[in-house]
Amino acid sequence: SCRVPALFLHAEGDTLVLPRHSRELFERYAHAEKRLEVFEGDHNSIRPKAFQDQALSFLQRCFNDAMKEPTPPPSPVAP
């Protein structure tokens, strides 16, 4: 079970890691706080400013939310 927010970022023209892989991971990720951002370009394209702003906003919101909630104790690890 997933306990952390996730941001999936992908270039639409990426031929090294296909965009459908990110979409599949996004769809299967169980946490409610998740976001998929797809932008123009390929695997090595410079990321657009709007993309960077969206990523920063997501991370700020997640960190702010995390500071408001008590941290659950870690799950026990089996030997």
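Let us look at the structure shown here. (Residues numbered from 1 in each chain as written. Predicted model: local features only at pLDDT ≥ 70, side-chain atom pairs only at ≥ 80, totals over all residues. Heavy atoms only, no water.)

## Digging into the packing of aromatic side chains
Within this structure, the stated rule accounts for 3 aromatic pairs. Residues Phe 8 and Phe 26 carry aromatic rings whose centres are separated by 5.9 Å and whose planes lie at 85° to one another, so their mutual orientation is edge-to-face. Residue Phe 8 is located in strand 1 (residues 6–11), and its partner Phe 26 is located in helix 1 (residues 19–28); the two are separated by 18 residues in the primary sequence. For Phe 8, a relative accessible area of 13% gives the class buried. Ring centres 4.5 Å apart and planes at 50° place the aromatic pair Phe 39 and Phe 51 in the tilted group. Of this pair, Phe 39 sits in strand 2 (residues 34–39) while Phe 51 sits in helix 2 (residues 49–68), and the two are 12 residues apart along the sequence. (Phe/Tyr/Trp six-rings, centres within 6.5 Å; stacked < 30°, edge-to-face > 60°. Helix = DSSP H or I, 4+ residues; strand = E, 2+ residues; numbered from the N terminus. Buried < 20%, exposed > 50% of the residue type's maximum accessible area, 1.4 Å probe, protein only.)

## Concerning the side chain of Ser 22
Summarising the element assignment, Ser 22 is placed in helix 1. When sequence neighbours within four positions are dropped, the list of residues in contact with Ser 22 reads Phe 8, Leu 9, His 10 and Leu 36. (Contact = heavy atoms within 4.5 Å.)

## Side note on the pairing of strand 2
Sheet topology note: the strand 1/strand 2 ladder contains 6 bridges and is parallel. Within the sheet, the bridge partner assigned to Leu 7 lies in strand 2 and is Arg 35. At this point the chain moves from strand 1, through helix 1, to the parallel strand 2, and the crossover so formed is right-handed. (Pairing = 2+ DSSP bridges. Right-handed = clockwise from strand over helix to strand, strands pointing away.)

## Quick notes on the pattern of salt bridges
Enumeration according to the criterion identifies 5 salt bridges in this entry. Here Glu 24 and Arg 20 are joined by a salt bridge, their closest N and O atoms 3.6 Å apart. One end of the pair, Glu 24, and the other, Arg 20, are both in helix 1, 4 residues apart, so they sit about a helical turn from each other. Given the relative accessible area of 32%, Glu 24 is considered partly exposed. Between Arg 35 and Glu 37 there is a salt bridge, and its shortest N-O distance comes to 2.3 Å. On the basis of relative accessibility, which here comes to 28%, the residue Arg 35 falls in the partly exposed class. (Salt bridge = Lys/Arg side-chain N within 4 Å of Asp/Glu carboxyl O.)

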